[in-house]
Amino acid sequence: MSMTVEGRVIETDIPARLDRLPWSRWHWTVLVGLGAVWILDGLEITVVGVVGALLTSETAGLGLTEGQVGLSASIYVIGACTGALFFGHLTDRFGRKKLFIITLIVYLAATVATAFSFNAWWFYLCRFFTGAGIGGEYAAINSAIDELIPARVRGRVDILINGSFWLGTAFAAALSLPILKTGLIPEDLGWRALFALGALLGLLVLFVRRNVPESPRWLFIHGREDAAEDVVGGIERGIVAERGTELERPGQRIRVRQRRTIAFREIAATAVRRYPRRTILGLSLFIGQAFLYNAVYFTYALVLSTFFDVPDVDIGYYLIPIGLGNFLGAFLLGKLFDTVGRRTMVSLSYIVSGVLLVGTGLLFRAEVLDAWTLTACWCVVFFFASAGASSAYLTVSEIFPLETRAMAIAGFYAVGTGLGGVVGPALFGRLVETEKVSAVANGYFLGAALMIAAGLVEAFIGVEAARRSLEDVARPLSAEEPDS
């Protein structure tokens, strides 16, 4: 971009034009091309858990110890947090499309390399870069989706896309059964095939994603208003041809001072000085959901084997219904985030799931549950929790300005996942090792307290963003004056 655009003031109606668009085939392309990455993430996270027994085999796997399998999960999380921060900054600087292509390529290369792992260190390295690619996707994809989807349906689309993570977990659990139980696929090839499958799905996503344009909102801020006009004009012409009717006139215009980059100092000042309450809100939501899922869900196999003597080869049977319950929660509750409103639904999803988790903990401590009834309890808890977890990404994407949106998502994801993804599993692993029902129940109560606390924070200081333009919820730092 030319230096001459730095500081130039323009007026545009592009945000209003994007928000007033009716749903079309083009929006489905965005939904599939950008949203499918969460299925891949669910697949990646679950695969290591369900094939852990094979990875520890000297003949069929890599001869890892159980501790090394657990370490690989932590390395994946560290890679995801690192990738989110690194690629998040680049997403705000160089654009959404460049980065959601680059991060997917990083993921593809790393997951293919994982399938050819020959020792522990190579496996660790591949898991780090697989996580880095997925972490970078979170920032790039959530930014692009929210900036391309009309305001009136932004909530349900974002919740559904983030919730599709659980289709990946159910898919991985289902695929593990023929590999672990039937012997249809040789053990030394089966676990490698699961990782390679992730790469195959990623290639299909890359093919669709090529047709998703750069965010017009990012373009006009960065001195490329002509390119933004071409993108929006092309979308509008396609929708008019598809529907056979003219589009309504946009209602608002915004004046912005164009810029090339934003310094880290200004990003930090935006979060700490300009929006301190929103920063507290984002941290609360991310820490609560990250601890719940990373500590409770991703150690569930340990609980089943330790307290209910469920064989490793049967773990997939229990993970499939939990994954489907999570997805159904996001699918069925997502619409309410646009109709009832963000503040009510975010707080309710967190608080209700926390209260249900307390009930599950009490039943577990009373030792009145078996493996299947405990799984049924988790299906109910996660039905509400999954909508809440998805809403955390939606919230931080909406409540911070366009220039810092990707970095805000990356920062909150890194902090929340770093705490919940590293501290949570380690803590729960220790609790399960005690083989004391009361100790694990106390861990459940801690997760419930964090979820309920986050729900209360949302109830008191949450921002109502339902059906509102992103520029109305958080005005761009470059905005010159109120919309006219």
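Owing to the predicted nature of the structure, the values given are computational and were not obtained by experimental measurement. (Residues numbered from 1 in each chain as written. Predicted model: local features only at pLDDT ≥ 70, side-chain atom pairs only at ≥ 80, totals over all residues. Heavy atoms only, no water.)

Caption draft 1: Structural context of the overall build of the protein. Counting its secondary structure elements, the protein contains 22 helices and two strands. The C-alpha radius of gyration computed for the protein amounts to 22 Å, which stays within 12% of the reference 23 Å derived for 484 residues, consistent with globular compactness. Every one of the 484 residues in the protein was classed for burial, and the buried ones make up 58%. In the protein, once contacts between residues fewer than 6 apart in sequence are set aside, the share between residues at least 24 apart is 85%. Surface exposure of the protein reaches about 18,700 Å², of which carbon and sulfur atoms provide 64%. Distance between charge centres in the protein, computed from 41 positive and 42 negative side chains, equals 7 Å. (Helix = DSSP H or I, 4+ residues; strand = E, 2+ residues; numbered from the N terminus. Rg over C-alpha atoms; globule rule 2.2 N^0.38 Å. Buried < 20%, exposed > 50% of the residue type's maximum accessible area, 1.4 Å probe, protein only. Contact = heavy atoms within 4.5 Å. Areas by Shrake-Rupley, 256 points an atom, 1.4 Å probe, with all protein chains shown as cover. Lys, Arg positive; Asp, Glu negative; His and termini not counted. Charge placed at Lys NZ, Arg CZ, Asp CG, Glu CD.)

Caption draft 2: Focus on the nonpolar core. Formed by 123 residues in total, the largest nonpolar core has its most connected members in Tyr 300, Phe 364, Trp 378, Phe 382 and Tyr 444. Per element, the largest residue contribution to this core is 14 residues, and it comes from helix 19 (residues 371–398). Val 47, Val 48, Ile 75 and Phe 123 belong to the second largest nonpolar core, which has 18 residues in total. (Core = buried A, V, L, I, M, F, W, Y, C linked by side-chain atoms within 4.5 Å.)

Caption draft 3: Structural detail: the environment of Tyr 300. As for its position among the elements, Tyr 300 is in helix 15 (residues 300–308). On the basis of relative accessibility, which here comes to 1%, the residue Tyr 300 falls in the buried class. Along the sequence, Tyr 300 and Gly 429 sit 129 residues apart, while their C-alpha atoms lie 10.0 Å from each other. If we skip the residues at most four places from it in the chain, Tyr 300 touches Tyr 318, Leu 319, Ile 322, Ala 371, Leu 374, Thr 375 and Trp 378.

Caption draft 4: Structural detail: empty space enclosed by the protein. Under the counting rule described, the total for this entry stands at four cavities of 30 Å³ or more. A volume near 330 Å³ is recorded for the largest cavity. Along its surface, the largest cavity is lined by 22 residues, and Asp 41, Tyr 138, Phe 165, Gln 289 and Tyr 393 are the ones closest to its centre. Going through the elements one at a time, helix 3 (37–50), helix 5 (66–94), helix 8 (154–163), helix 9 (165–182), helix 14 (276–296), helix 19 and helix 20 (405–433) are the ones with two or more residues in the lining of the largest cavity. When grouped by side-chain class, the residues that make up the lining of the largest cavity number 14 nonpolar, seven polar and one charged. (1 Å grid on protein atoms, 1.4 Å probe; cavity = no way out; pocket = protein on both sides within 12 Å on 5 of 7 lines; lining within 4 Å. Points joined across faces, edges and corners; volume = space filled by probe spheres on them. Nonpolar A, V, L, I, M, F, W, Y, C, P; charged D, E, K, R; others polar.)

Caption draft 5: Structural detail: the packing of helix 7 (residues 120–148) against helix 19. The N-to-C vectors of helix 7 and helix 19 enclose an angle of 70 degrees; their axes lie 10 Å apart at closest approach. As judged from the angle between their axes, helix 7 and helix 19 are roughly perpendicular. Helix 19 is crossed by helix 7, and the crossing has right-handed handedness. Residues Tyr 138, Asn 142 and Asp 146 of helix 7 form the contact with helix 19, whose participating residues are Tyr 393, Leu 394 and Ser 397. Within the contact of helix 7 with helix 19, the residues separate by chemical class into three nonpolar, two polar and one charged. (Axes fitted to C-alpha atoms, helices over the stretch in contact; angles between N-to-C directions. Parallel < 35°, antiparallel > 145°, perpendicular 65-115°, else oblique. Left-handed = near helix turned anticlockwise from the far one by under 90°.)

Caption draft 6: Region of interest: helix 7. For helix 7, with 29 residues, the first-to-last C-alpha span of 42 Å sits near the 42 Å given by 1.5 Å per residue. Of all 29 residues that make up helix 7, 24 are buried, and the element is covered over most of its length. In this structure Asn 119 caps helix 7, since a side-chain oxygen of it lies 3.2 Å from the backbone nitrogen of Trp 121. (Expected span 1.5 Å × (residues − 1). Polar contact = N/O pair within 3.5 Å; in protein donor to acceptor, adjacent residues only side chain to side chain.)

Caption draft 7: Spatial organisation of the pairing of strand 1 (residues 9–12). On strand 1, burial follows the alternation: Ile 10 and Thr 12 on one face are buried, whereas Val 9 and Glu 11 on the facing-out side are not. Taken together, the four bridges between strand 1 and strand 2 (residues 254–257) define a ladder with antiparallel strand orientation. Opposite Thr 12, over in strand 2, you have Ile 254 as the bridge partner. (Pairing = 2+ DSSP bridges.)

Caption draft 8: Up close: the layout of surface pockets. If you add up the space inside the second largest pocket, you get close to 280 Å³. Surrounding the second largest pocket, 18 residues form its lining, Pro 15, Ala 16, Asp 19, Gln 252 and Ser 469 being those nearest its centre. It is helix 1 (residues 14–19) that provides the largest number of residues to the lining of the second largest pocket, a total of three residues.

Caption draft 9: How the structure looks around a nonpolar patch on the surface. Where nonpolar side chains cluster on the molecular surface, the patch consists of Ile 78, Val 415, Leu 419, Val 422, Val 423, Leu 427 and Leu 446 and spans about 510 Å² of accessible area. Considering each element in turn, the nonpolar patch owes the most residues, five residues, to helix 20. With respect to the helices and strands, the residue Leu 427 is situated in helix 20. Take Leu 427: its relative accessible area is 33%, and that puts it in the partly exposed class. (Patch = residues over 30% accessible without salt bridge, like charges linked within 9 Å, V, L, I, M, F, W, Y side chains within 5 Å. Salt bridge = Lys/Arg side-chain N within 4 Å of Asp/Glu carboxyl O.)

Caption draft 10: Local environment of the side chain of Asn 142. With respect to the helices and strands, the residue Asn 142 is situated in helix 7. Within polar-contact distance, the side chain of Asn 142 engages the side chain of Asn 162 at 3.4 Å. Ignoring sequence-local partners within four residues, the contact set of Asn 142 consists of Trp 38, Glu 137, Asp 158, Asn 162, Tyr 393, Ser 397 and Ile 409.

Distances and angles like these do not, on their own, reveal function.
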